[in-house]
Amino acid sequence: MFWGIGAACGFPVGMSAAGDDPRGVAARVSVVSTLDYLASLAGPPLIGLIEESVGLLRALMIILIAVTVAGLLSQATIFPSIYST
């Protein structure tokens, strides 16, 4: 349940971040939207394939590690004062 709540919060945050700068906003919003729909369609089967090999807990840990690495590499977490209003 908490996984779904967290994932549901990601879409509006991504759209908001894509629409921050008025230059090229349509292109960025369309890319974020496309990636979100792609992840929604491909994510569950991919987790299922990984789960069959290593088990559900390890499959979810792989996703947790990937999300943590992505968060640490994003510019918003490296320089938070630049992006704050």
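Scroll up a little and you will see the structure.
In this text the structure is predicted, and so the values were computed from the model without any measurement.

Along the chain, the regular secondary structure elements total 5 helices and 0 strands. Along the chain direction, N to C, the helices and strands of the chain fall in the order α-α-α-α-α. In the chain, buried positions account for 7% of the 85 residues. Of the accessible surface of the chain, which amounts to about 6800 Å², a share of 75% is contributed by carbon and sulfur atoms.

Looking at where Ser33 falls in the secondary structure, it is placed in helix 2 (residues 25-54). Relative accessible area serves as the criterion here: at 18%, Ser33 is assigned to the buried category. Excluding anything up to four places from it in sequence, Ser33 contacts Phe11 and Met15.

On to the packing of helix 2 against helix 3 (residues 56-73), then. One can describe the packing of helix 2 onto helix 3 by two numbers: an axis separation of 7 Å at closest approach and a directional angle of 130 degrees. Relative to helix 3, helix 2 is oriented oblique. As for how helix 2 packs across helix 3, the hand of that crossing is right-handed. Within the contact between the two elements, helix 2 uses Ile47, Ile50, Glu51 and Val54 and helix 3 uses Leu56, Arg58, Ala59, Leu60, Ile62 and Ile63. Residues belonging to the contact of helix 2 with helix 3 are distributed by class as follows: 8 nonpolar, no polar and 2 charged.

Take the environment of Val32 next. Along the polypeptide, Val32 turns up in helix 2. Given the relative accessible area of 26%, Val32 is considered partly exposed. Residues Val32 and Ala18, spaced 14 residues apart in sequence, show a C-alpha to C-alpha distance of 7.1 Å. Excluding anything up to four places from it in sequence, Val32 contacts Gly14, Met15 and Ala18.

Bringing helix 2 into the picture now. An ideal rise of 1.5 Å per residue puts 44 Å on 30 residues; helix 2 measures up with 40 Å between its terminal C-alpha atoms. Largest kink in helix 2: about 35 degrees, centred on Ala42, with the proline Pro44 one to four residues after it. Immediately beyond the C-terminal end of helix 2, within one or two residues, lies Gly55, with a positive phi of roughly 100 degrees.

There is a patch of nonpolar side chains on the surface, built from Val31, Leu35 and Leu38 and spanning about 290 Å² of accessible area. Position of Leu38 relative to the elements: it lies in helix 2. Judged by relative accessible area, which is 51%, Leu38 ranks as exposed.

Rules behind the numbers
- Residues numbered from 1 in each chain as written.
- Predicted model: local features only at pLDDT ≥ 70, side-chain atom pairs only at ≥ 80, totals over all residues.
- Heavy atoms only, no water.
- Helix = DSSP H or I, 4+ residues; strand = E, 2+ residues; numbered from the N terminus.
- Buried < 20%, exposed > 50% of the residue type's maximum accessible area, 1.4 Å probe, protein only.
- Areas by Shrake-Rupley, 256 points an atom, 1.4 Å probe, with all protein chains shown as cover.
- Contact = heavy atoms within 4.5 Å.
- Axes fitted to C-alpha atoms, helices over the stretch in contact; angles between N-to-C directions.
- Parallel < 35°, antiparallel > 145°, perpendicular 65-115°, else oblique.
- Left-handed = near helix turned anticlockwise from the far one by under 90°.
- Nonpolar A, V, L, I, M, F, W, Y, C, P; charged D, E, K, R; others polar.
- Expected span 1.5 Å × (residues − 1).
- Bend = angle between axes of the 7 residues up to and from the residue.
- Patch = residues over 30% accessible without salt bridge, like charges linked within 9 Å, V, L, I, M, F, W, Y side chains within 5 Å.
- Salt bridge = Lys/Arg side-chain N within 4 Å of Asp/Glu carboxyl O.

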